[in-house]
Amino acid sequence: MTVTHPKGFRAAGVAAGLKAHGNADVALIVNDGPDYTAAGVFTANRVKAAPVLWSQQVLKGGIVRAVVLNSGGANACTGSQGFRDTHATAEHTATVLRGGANRMMIGPGDVAVCSTGLIGELLPMDKLLPGVNAAAKALAADGGPKAAEAIMTTDTVAKNAVAQRDGWSVGGIAKGAGMLAPALATMLVVITTDASADNEVLDAALRAATRVTFDRIDADGCMSTNDTVLLLANGSSDREPTLAELTAAVTEVCHDLAQQLIADAEGATKHIAIEVQGAASEADAVQVGRVVAGNNLVKTAFFGNDPNWGRILAAVGTTSAAFEPDRIDVAINGVWICKGGAAAEDRNKVDLSGRDVTVTINLREGEMGATIWTTDLSHAYVHENSAYSS
């Protein structure tokens, strides 16, 4: 149930020595065709890592035959040498795959590159390139789980997902546990499908899927420099779903992976869904959800198992969304502790003993809604992000 579940994809994950503890840190995913169409979305951060800039250029060509990924180093803020290293990685990957048993017709412009890890340091190319060699030799049709392990940083578990359809499927892997914020997260995601679709269809499906999944998780409000989500299609199933069918399957995989990301967020003790209802527009609903999700007073209240609806209303009040303060209703885990902008049911009825929390905010202004997923702010998060560089 992973990125190699769709037919015609191989993957591998190996240890190249980029990580001090010796865990797997180089992954390779190969599309064996017959089609090689692709789409991608990237970080909205103006400070973009070298592999992001490279892969954006690759996507303009519309063909991706392979993706090489590494953890143990972001290759971000590394100047011209960092970009040259990314180019060298793509070129080396293409050369190795051309010389392999499958004799692929591939050039560096067909290879997307993804990196994750510490910002500001050059990658050890003397370790990375031999790692690419080892990954190429280890490529297998069941290699998706190994690839998912190789891209982990502060993740505690590998993240895989599949959406099965009649005769075709979509699969994916992801990494990410910190710097989770709107406009993606500190994530690397590769999604594959054996369906047939041109670049325009893939792009539309991927953007529609990420808009309501990866773009709506927010653990800590911090936007990464390396976010990359790629969608590769090879047509090996001989099935050509409609745009709506493909979008639904890609969204299913993206939602699954996004929920795994937020569930594994650094130091989290609560998995919180902010459901905004009754908004005048979807944009209003998203804005309110994001502001509440990112509010440190709200997040710390949930860490302390405190159903503090006053903090939630105060956060809503900082938005430009349409609402009247004396009409807002708020529920936590189904208990409507605020009605019409004032106290309602006894807040002591709210059970916050479990990990999952649902906050429902009804603005009573219209029919639109949206959900943002977040976490609490814990001692463990502060320790993890202050005890070492990440």
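Keep in mind it's a predicted model, so treat the numbers as computed, not measured.

A look at the confidence of the model for the chain
Next, step 1: Per-residue confidence for the chain averages 93 on the pLDDT scale, and 96% of its residues sit at or above 70.
Next, step 2: Here residues 179-185 is modelled with pLDDT under 50, and outside its nearest four sequence neighbours on either side it reaches 42 contacts, counting other chains as well.

Points about the packing of helix H5 (residues 199-211) against helix H6 (residues 243-263)
Next, step 1: Running from amino to carboxyl end, H5 crosses H6 at an angle of 45°, the nearest separation of the two axes being 8 Å. In terms of axis orientation, H5 runs oblique to H6. Crossing of H5 over H6 shows right-handed handedness. From H5, Val-201, Leu-202, Ala-204, Ala-205, Leu-206, Ala-208 and Ala-209 reach across to H6, where they touch Leu-243, Leu-246, Thr-247, Val-250, Thr-251 and Cys-254.
Next, step 2: Here the contact of H5 with H6 is composed, by residue class, of eleven nonpolar, two polar and no charged.

A closer look at the UniProt feature "binding site: substrate" (unreviewed entry) in the chain
Next, step 1: This chain's UniProt record puts "binding site: substrate" (unreviewed entry) on Thr-153, Lys-175, Thr-186, Glu-266, Asn-385 and Ser-390.
Next, step 2: Summarising the element assignment, Lys-175 is placed in strand E7 (residues 169-175).
Next, step 3: Of the polar contacts made by the side chain of Lys-175, one reaches the side chain of Thr-153; its length is 3.0 Å.

Quick word on the side chain of Asp-329
Next, step 1: Positionally, Asp-329 belongs in strand E12 (residues 329-332).
Next, step 2: Using a relative accessible area of 7% as the deciding quantity, one classes Asp-329 as buried.
Next, step 3: Within the structure, the side chain of Asp-329 is placed 2.8 Å from the backbone nitrogen of Gly-340, a separation counted as a polar contact.
Next, step 4: Leaving out residues up to four positions away in the same chain, Asp-329 has contacts with Trp-336, Cys-338, Lys-339, Gly-340, Thr-360, Ile-361, Asn-362 and Arg-364.

Here we look at the packing of aromatic side chains
For any pair of aromatic rings, geometry is given as the distance between the ring centres together with the angle between the planes.
Next, step 1: Under the definition given, this model contains one aromatic pair.
Next, step 2: The positively charged end of Arg-65 is found above the aromatic ring belonging to Tyr-36, 4.0 Å away from the centroid.
Next, step 3: Against the face of Trp-336 rests Lys-339, its NZ or CZ located 4.8 Å from the ring centre.

Regarding the sheet that holds strand E4 (residues 66-70)
Next, step 1: Pairing in this open sheet of four strands is mixed, and the strands run E1-E2-E4-E5 from one edge to the other. Only two strands of the sheet have a single neighbouring strand rather than two, namely strand E1 (9-14) and strand E5 (111-115). Across the sheet, the mean angle separating the axes of adjacent strands is 10° when strand polarity is ignored.
Next, step 2: In terms of strand pairing, strand E2 (residues 26-31) meets E4 through five bridges, oriented antiparallel.

Regarding the sheet that holds strand E8 (residues 188-193)
Next, step 1: Taken in spatial order, the five strands make up an open sheet running E3-E10-E8-E7-E6, and their pairing is mixed. Looking at strand neighbours, the two that pair on one side only are strand E3 (37-42) and strand E6 (159-164), the edges of this open sheet. Between one strand axis and the next, the sheet turns by 10° as a mean value, whatever way the strands run.
Next, step 2: Across the sheet, helix H1 (residues 50-60) is in contact with E3 and strand E10 (228-233); its angle to E3 comes to roughly 145°.

Quick look at H5
Next, step 1: The terminal C-alpha atoms of H5 lie 18 Å apart, and with 13 residues this matches the ideal 18 Å at 1.5 Å per residue to within 8%.
Next, step 2: Every buried residue belonging to H5 is among Leu-202, Ala-205, Leu-206, Ala-209 and Thr-210, and all of these are buried. Axial view of H5: buried residues confined to an arc of 120°, hence all on one face.
Next, step 3: Where the residues of H5 are buried, they touch E3, E8, E10 and H6.
Next, step 4: For H5, the N-terminal cap is Asp-198; the gap from its side-chain oxygen to the backbone nitrogen of Glu-200 is 3.2 Å.

Considering the nonpolar core
Next, step 1: Counting 52 residues, the largest nonpolar core has Val-67, Leu-69 and Leu-97 as its most contacted members.
Next, step 2: Apart from residues no more than four positions distant in its own chain, Leu-69 is found in contact with Asp-25, Val-26, Ala-27, Ile-29, Cys-114, Ile-151, Leu-188 and Val-190.
Next, step 3: One finds Trp-168, Met-187, Ile-217 and Cys-254 within the second-largest nonpolar core, a separate group that totals 35 residues.

A few points about unusual backbone geometry
Next, step 1: The residue after Gly-33, namely Pro-34, is reached through a cis peptide bond having omega 15°.
Next, step 2: By secondary structure assignment, the location of Pro-34 is in the loop between E2 and E3.
Next, step 3: Positive phi, close to 50°, is recorded for Asn-75, a residue that is not glycine.
Next, step 4: On the secondary structure map, Asn-75 appears in the loop between E4 and helix H2 (79-98).
Next, step 5: For Asn-75, a relative accessible area of 1% translates into the label buried.
Next, step 6: A positive phi is found at Asn-333, a non-glycine position, where the angle reads about 50°.
Next, step 7: If you trace the backbone, Asn-333 turns up in the loop between E12 and strand E13 (335-339).

Quick notes on the environment of Ala-174
Next, step 1: Here Ala-174 is to be found in strand E7.
Next, step 2: Expressed as a C-alpha distance, the spacing of Ala-174 and Met-152, which sit 22 residues apart in the sequence, is 8.4 Å.
Next, step 3: Aside from chain neighbours lying at most four places away, what touches Ala-174 is Ile-151, Lys-159, Leu-188, Val-189, Leu-257 and Leu-261.

Thresholds, definitions, all that
Residues numbered from 1 in each chain as written. Predicted model: local features only at pLDDT ≥ 70, side-chain atom pairs only at ≥ 80, totals over all residues. Heavy atoms only, no water. pLDDT = per-residue confidence, 0-100. Contact = heavy atoms within 4.5 Å. Axes fitted to C-alpha atoms, helices over the stretch in contact; angles between N-to-C directions. Helix = DSSP H or I, 4+ residues; strand = E, 2+ residues; numbered from the N terminus. Parallel < 35°, antiparallel > 145°, perpendicular 65-115°, else oblique. Left-handed = near helix turned anticlockwise from the far one by under 90°. Nonpolar A, V, L, I, M, F, W, Y, C, P; charged D, E, K, R; others polar. UniProt positions renumbered as here; feature names shortened; annotations may be inferred. Polar contact = N/O pair within 3.5 Å; in protein donor to acceptor, adjacent residues only side chain to side chain. Buried < 20%, exposed > 50% of the residue type's maximum accessible area, 1.4 Å probe, protein only. Phe/Tyr/Trp six-rings, centres within 6.5 Å; stacked < 30°, edge-to-face > 60°. Lys NZ or Arg CZ within 6 Å of the ring centre and 35° of its normal. Pairing = 2+ DSSP bridges. Expected span 1.5 Å × (residues − 1). Arc of directions from axis to C-beta. Core = buried A, V, L, I, M, F, W, Y, C linked by side-chain atoms within 4.5 Å.

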